[in-house]
Amino acid sequence: MNQENINPEDVRLGALLRASRPAPALPPRFQEGVWRRIEEAAAPVKSTGGITWLDALVALVLRPRFALAIATVLIVAGALLGVREGNQAARQDAQARYLAVVAPNSLR
Amino acid sequence: MNRSLVILLGALALGVVMFGGSYFAGQRACRMMRSGDDLSWLQDEFHLSDAEMARIQKLHEGYLPKCAEMCAKIAAKKSELETALNGSTNVNPVAQQKLTELAALRAQCQAQMLQHFTEVSRTMPPEQGRRYLAEMQRLTLGFHEQTESSMSGSAGHEHHH
């Protein structure tokens, strides 16, 4: 240790200064709380798998292009299926109409 | 409830509505567009020309009054049968006679109907005519065959005609 660098006046001055500005008492378990917060901030965000999957799906569904494409597919598929079924039903209706005229129920 | 789940369920419901709406609209439009007269089925099903349809129309118009006359006779005979059976606990001789007459009338009417189908089939191209005749026989006579076979099967005995 270099004794020449120690200035007794400065040591005393430091003690006086510390005494003139008293530090407030720290709350209980302050240090432990600080470390816990640091660990939490450093840790990766944890979330349940279901919620993440659902959020991703919703984000996909809400994309305008995707929503428009799905809507178009649903409408076209519904209409095509409806026309196909309608054709079949119309054919059966027409057949029933013809049969009702030429072959009354009492004969069938 | 989770916001994402609500959005997803809403989107799903909207999708179902869109699909269902377009399905019913397509079906309805198709049925409305294809609804025609009594003979429209023949033209569509057997790919007939206008000339063939005109001949069939003529045969059809000639057949309808005869068919209506036979139907009126059958209805009258059924009424007579009901009167004969009214209050009776067994099949009396009068009811038996009415049943025989009703069966004879039905057979006569069926023969007339089959004759009409044969005439109509002759106005079509041969292949279509054969198909029409087979289809009409299946539709008008097949019902009895189904009933008879189901009854003979359920009763556990067979009829040989």
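Residues numbered from 1 in each chain as written. Chains lettered and ligands numbered in written order. Predicted model: local features only at pLDDT ≥ 70, side-chain atom pairs only at ≥ 80, totals over all residues.

The secondary structure content of chain A amounts to 4 helices and 0 strands. Along the chain direction, N to C, the helices and strands of chain A fall in the order α-α-α-α. Every one of the 108 residues in chain A was classed for burial, and the buried ones make up 10%. (Helix = DSSP H or I, 4+ residues; strand = E, 2+ residues; numbered from the N terminus. Buried ≥ 20, exposed ≤ 12 C-beta atoms within 10 Å, placed from the backbone.)

Okay, the overall build of chain B next. Summing up its helical and strand segments, chain B has 5 helices and 0 strands in all. Secondary structure elements in chain B, listed N-terminal to C-terminal, are α-α-α-α-α. A fraction of 50% describes how many contacts in chain B between residues 6 or more apart in sequence connect residues 24 or more apart. (Contact = placed C-beta atoms within 7 Å.)

Where helix H4 (residues 64-102) of chain A contacts helix H1 (residues 3-34) of chain B, the two axes come as close as 6 Å, and the packing angle between them is 35°. Crossing of H4(A) against H1(B): the hand is right-handed. In terms of residue class, the contact of H4(A) with H1(B) is made up of 17 nonpolar, 9 polar and 5 charged. (Axes fitted to C-alpha atoms, helices over the stretch in contact; angles between N-to-C directions. Left-handed = near helix turned anticlockwise from the far one by under 90°. Nonpolar A, V, L, I, M, F, W, Y, C, P; charged D, E, K, R; others polar.)

Let us now look at the packing of helix H3 (residues 50-85) of chain B against helix H4 (residues 93-123) of chain B. Residue and element names in this part refer to chain B. At a minimum axis separation of 9 Å, H3 and H4 run at an interaxial angle of 175°. One element, H3, and the other, H4, form an angle in the roughly antiparallel class. In terms of residue class, the contact of H3 with H4 is made up of 15 nonpolar, 4 polar and 11 charged. (Parallel < 35°, antiparallel > 145°, perpendicular 65-115°, else oblique.)

Looking now at the confidence of the model for chain B. Residue and element names in this part refer to chain B. Predicted confidence across chain B gives a mean pLDDT of 85, with 88% of residues reaching 70 or more. Every residue in residues 154-161 is under pLDDT 50, and counting partners more than four places away or in other chains gives 4 contacts. Two numbers describe this predicted complex: its pTM, 0.61, and its ipTM, 0.73. (pLDDT = per-residue confidence, 0-100.)

Attention now goes to H3(B). All names here are of chain B. Helix length check: H3, at 36 residues, gives a terminal C-alpha distance of 50 Å against a target of 52 Å (1.5 Å per residue), a fit within 8%. The sharpest bend along H3 comes to roughly 25°, located at Tyr-63, with the proline Pro-65 sitting one to four residues further on. The set of residues buried in H3 consists of Ile-56, His-60 and Met-70. Of the surrounding elements, those touching the buried residues of H3 are helix H2 (40-46) and H4. Of the residues trailing H3, Gly-87 is marked for its positive phi of about 80°. (Expected span 1.5 Å × (residues − 1). Bend = angle between axes of the 7 residues up to and from the residue.)

With 33 residues of chain A in contact, the opposing surface of chain B contributes 41 residues. Only helix H3 (49-61) and H4 of chain A provide two or more residues apiece to the side of chain A that touches chain B. Take the side of chain A that touches chain B: its biggest share by element is 23 residues, from H4(A). Looking at side-chain class alone, the side of chain A that touches chain B contains 22 nonpolar, 6 polar and 5 charged residues.

Low-pLDDT stretches of the model should not have their predicted coordinates read in fine detail. On average, chain A scores 82 in pLDDT, and the residues at 70 or more come to 83%. Per-element confidence in chain A ranges from a low mean pLDDT of 78 for H3(A) to a high of 91 for H4(A).

On to unusual backbone geometry, then. Of note, the phi angle at A:Arg29 is positive, near 55°, even though the residue is not glycine. Within the fold, A:Arg29 resides in the loop between helix H1 (8-20) and helix H2 (30-42). For B:His47, which is not glycine, the phi dihedral falls at a positive 50°. Topologically, B:His47 is positioned in the loop between H2 and H3.

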